[in-house]
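# Summary of structural features
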Amino acid sequence: MTRPGRFCRLWLLLLWLPVWSAGAKAALATTPAPILDLTAAERRFLADHPTLRVGVGSGQPPFQTIIRTPGAAPRYVGLSADMLDAIAPLLGVALVPAFDVTFTRALELSQTGGIDMFAGITDTPGRRAFLHMTRPYASHPYVMVTRQGGHDVRSMADLGGKVIAVSPTFYAYERLQLEYPDLGARFDFEKNALDTMAAVANGQADACFLNIVAATSIIRDQGHDNLRVTAVMSWPNNDICMASQHPLLASILQKALDAIPPDRKRAMTATWFAGSPGTSRPSISQPRLLAGAAAALAVLAAAGWWWRRRLRAEAARRKAMEIDLGGHKEMLEAVLNATSDAILVLDDTYHVVMINNTGAERFGLKAEAMLGRGVLELIDAPVAAARRERYRQVQAAGQPVRFTDQRAGRVYDNTIYPIPAAGGRPRLAIYARDITEQLAADVAVRESQERLATIFRLAPVVVSITSLTEGRYLDVNEAFCALTGFSPEAVIGRSNQELGLWLNLADRDRIFRAIERDGLVRNLELSLRMRDGRLVTTLLSCTPIEAYGQPCLLSIVVDITGRKSMEEALRLAKESAETANQAKSRFLSTMSHEIRTPMNTILGMVDVLRGTPLSERQQDFLRTLEVAGESLMALLSDILELSKIESGSLQLAQSPYDPVEVLNHTAALLAPQAEAKHLALRVELAPDAPRQAHGDPDRIRQILVNLAGNAIKFTSHGEVCLRLDLSPAHFAREHLLFSVSDTGIGIPPEKHQTIFQPFTQVDSSTTRSYGGTGLGLAISTFLADGMGGRLWLDSAPGQGSTFYCAVPRDCRLRRDQEKTDLPDSNAPTPPPLARHHSLLVVEDSEPNRNLYDAFLEGLPLAVRYAVTGAQALECIESGSFDAVIMDIQLPDLDGLTVIQEIRRREAAYGRPATPIMVVTAYAFREDSGRAEAAGADVLLTKPIQKSRFLAALGRLLDDSGTPAAPEA
Ligand code: ADP
């Protein structure tokens, strides 16, 4: 059964009660019910609403109150109940009083349709906002009631600091709020008029404001002898009406009220307002006719057992519902207390009605202690004033307000919601979130964003953000504008293509391909065209980011145009330096040839001259001539060597060799010099001195000859020792450690570094005393470096010196295998020529031809000379030769070209290859490679000594396969 249906029956049941119907029955009996003049809509409304739920008030005698007796159904009595009783038959529908909700709750329910109408309600402007009122059926002024003998309160002016008992839903309270906002009184909230009066009577409050009839009736009925009506208020009368949120029902009610005969109305009013004792009006405190009620119940006993059973069931159901509601209440409290937001409900004078634990903690109190406290009294004055203003604003506008304020060093985000209260100012629900930390975090984020924005804006490199999909600029920094010449306004929203920045549109695809492949782009070189048409070379780095709510590309561009042009300038400078160096090398090469050729002749002639009969004096002259010539050749060799190294054209051989043999060979070479100075020359080998190594033994020997030569030169007595150690400890790789020590003059420490520089000696007088150019150590250092080794010394003046040279035992690890040299011209001398040979000598220089004549004189050779390349080829064509001696620099053809041609023809005609010896003044090692490539068998470098030349020639002729025969 639905609730309205159940209460409908209760109401119908009540209508049978004698107490209820006593007066009404009489009226009904005397006045037949007129038929209401209802409109079609009104009739339809009643037809659609066979049951109307009525909101009823309590504790407002004599207008209305509810009498609850244990074990019995509640009863609604008073003038309003009688009025309802009078109109119910006229409407023909069931009027069901809502006993299960308070009047306050009924007011709220009326806005949602939970209540259809009110029986006795005070007409207030606030209630008119949602209720349609009938005209009043009772109207009386308000009075102020105070306590005799209490505080001396006679007028409103005396209420400052006093307590006023009010019911929040009463219009009196609304008026006090509206008209006396600065009253300075505190409110003591009570449920209804009865309680309000009781509060003043027992000293809990100092005054209350009520309808004069209600006030006097309660004083009389409750025996409040200490209360008195102090003042009649000048407010509008307290109008008691019926009301409904449905305008149609309000109009129907008005018609029904109008239809109550005036005499019946008067009778009802007289019944309830009769002031004299002994009146016949029903007494509420002592309900009369209880016996009659019992009798009525007895009459109903036949049908009663069923109703009682239903009532018990209803009572049980209600109990269960209360328990259930209690559970819900606990759950609600738990939920409210679980939040870190403060939640509180204030009554319309800002006293706490409900508060969760968080809210109470913010005031340093328990939730229970907060209840009933004026919340603004707990807050510092300035904050309280501002909040009071907000509260009023919400109450006035009926709209929620959200604002932020600070209290006790914390920042709160507050939202205030109005809770509508029928007839009074709305109560307030407040949610306050502590946003102090969040604000601090927001500030930190904002500051960091500002910092980043500043960095972005002022960064000296070009930074931009573009949308990933369309490549449109979303943001650019100042450097971007400075470089491109575009203003930010001109750029934002446009793409590179629209701005004409791409020089090559394919670059765009390159960038996207790189991002797809690697996720980002790093230092991609690309050229861009600026606004003024200028081309700029840039390095682009970019990475996808999320910005402006979309996928974007953050790009950083560095202008490397200047760097590029500098690199280009450097490259050109290097090229021109290399060209200059090559020119220098060529000059040195030519100079070498030009000086060495005549020197060669001079020294050759000295050699030849020595074989002729000479006087002793002439022999002295010859020796001087030879020494001077040789030192000039040595100087020339050193300068050429150094130039060659500096020009980077030094090439080191890679071959297996025996380091001990190199050491011994050096000692053998220098033995005569040591002997001449009566110095002991020793070779010392460490026990682990290796016999196998890989590298350039000639260059190592060259270094050792220089070091040992110096040692002999700067030592007047004592010894010079050459030593070999294996030195794994000092170097990452196994190294050969050669050392040359002497007992000579020694070197001061400050010169230990400088003597390795070219043309540097310990002192200038050295040249005079010891000779030398100061180039030997510089060349040795270069050579050691070139082999991946190094040179250093240990010496002190007067205590001799030890020079160390460390080179990797295996130089292949350092450089690629290089071409091996042509056969060593210093190889052991072969047996003398055993038979007659034919020899072609290609030489353009007459002095050199004479020299060859002198060298070859007396040998079993038929020598033919050619002075040009062409002549040489002719000779080869016209005759056969056992060997050819070839100069490289010829007037017409290059000697090497001539050799190539000879080889080509030999191959073409199937002739055996003629042994060819190249004799050149070009001292560069790479010449040997070129000569070999051209087809030469032996390379001999000028100046040539007779013995070296003849030995080489002997090997050449022997290698030709000609059987050796004794000289004829
Ligand atoms: P040079 O010997 O032709 O002058 P070097 O470069 O070989 O050129 O040597 C440079 C200088 O180092 C020498 O002039 C000499 O002053 C000093 N020097 C080299 N070796 C020795 C040594 N064993 N004892 C003393 N001084 C030396």
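Nothing here was measured: the structure is a model prediction, and the numbers come from that model.

Let us look at unusual backbone geometry. Look at the link from Pro61 to Pro62: it is a cis peptide, with omega at 10 degrees. The topology assignment puts Pro62 in the loop between strand 1 (51-55) and strand 2 (65-67). Unlike most non-glycine residues, Tyr350 shows phi in positive territory, near 70 degrees. On the basis of relative accessible area, Tyr350 is assigned to the buried category, the value being 6%. Here His678, not a glycine, exhibits a phi torsion of approximately 60 degrees, which is positive. Using a relative accessible area of 73% as the deciding quantity, one classes His678 as exposed.

Right, let's get into the packing of aromatic side chains. Enumeration over the complete set of coordinates arrives at 15 aromatic pairs. Ring centres of Tyr473 and Phe480 lie 5.0 Å apart, and the angle between their planes is 65 degrees; on these two criteria the pair is classed as edge-to-face. Each member of the pair, Tyr473 together with Phe480, is buried. Centroid distance Tyr852 to Phe949: 5.3 Å. Interplanar angle 50 degrees. Geometry classified as tilted. Placement of the pair is Tyr852 in helix 28 (residues 846-856) and Phe949 in helix 32 (residues 946-959), with a sequence separation of 97 residues. For the pair Tyr852 and Phe949, one class covers both residues: buried. Of the aromatic side chains, those joined through ring pairs into one cluster are Tyr142, Tyr171, Phe209 and Trp235. Across from the ring centre of Trp792, 4.3 Å away, lies the NZ or CZ of Arg790, which sits over that ring.

Once that is clear, we can look at the pattern of salt bridges. Summed over all chains, the structure comprises 41 salt bridges. Where Glu108 meets Arg105, a salt bridge forms, and the shortest distance between an N and an O atom there is 3.0 Å. Of this pair, Glu108 and Arg105 both sit in helix 5 (residues 103-110), three residues apart, which is roughly one turn of the helix. Residue Glu108 is classed as partly exposed on the basis of its relative accessible area of 22%. In this structure, the salt-bridge partner of Arg682 is Glu719, at a minimum N-O distance of 2.9 Å.

Taken together, the five strands give an open sheet; going across it, the order is 32-31-33-34-35, and neighbouring strands pair in parallel fashion. At either end of the open sheet lies a strand with only one pairing partner, and these are strand 32 (861-866) and strand 35 (938-941). The sheet shows a mean angle of 20 degrees between the axes of neighbouring strands, direction not considered. Note: strand 31 (residues 837-842) against strand 32, six bridges, orientation parallel. The partner of Val841 across the bridge, within strand 32, is Tyr865. Helix 28 contacts strand 31, strand 32, strand 33 (883-887) and strand 34 (916-920) of the sheet and is inclined by roughly 175 degrees relative to strand 32.

Okay, the confidence of the model for the chain next. Per-residue confidence for the chain averages 82 on the pLDDT scale, and 84% of its residues sit at or above 70. pLDDT under 50 marks residues 1-33. Its contacts with residues more than four places away, or in other chains, come to 54 contacts. A low-confidence stretch, residues 275-304 (pLDDT under 50), is modelled with 27 contacts involving residues beyond four sequence positions or located in other chains.

Parameters at a glance
- Residues numbered from 1 in each chain as written.
- Predicted model: local features only at pLDDT ≥ 70, side-chain atom pairs only at ≥ 80, totals over all residues.
- Heavy atoms only, no water.
- Helix = DSSP H or I, 4+ residues; strand = E, 2+ residues; numbered from the N terminus.
- Buried < 20%, exposed > 50% of the residue type's maximum accessible area, 1.4 Å probe, protein only.
- Phe/Tyr/Trp six-rings, centres within 6.5 Å; stacked < 30°, edge-to-face > 60°.
- Lys NZ or Arg CZ within 6 Å of the ring centre and 35° of its normal.
- Salt bridge = Lys/Arg side-chain N within 4 Å of Asp/Glu carboxyl O.
- Pairing = 2+ DSSP bridges.
- Axes fitted to C-alpha atoms, helices over the stretch in contact; angles between N-to-C directions.
- Contact = heavy atoms within 4.5 Å.
- pLDDT = per-residue confidence, 0-100.

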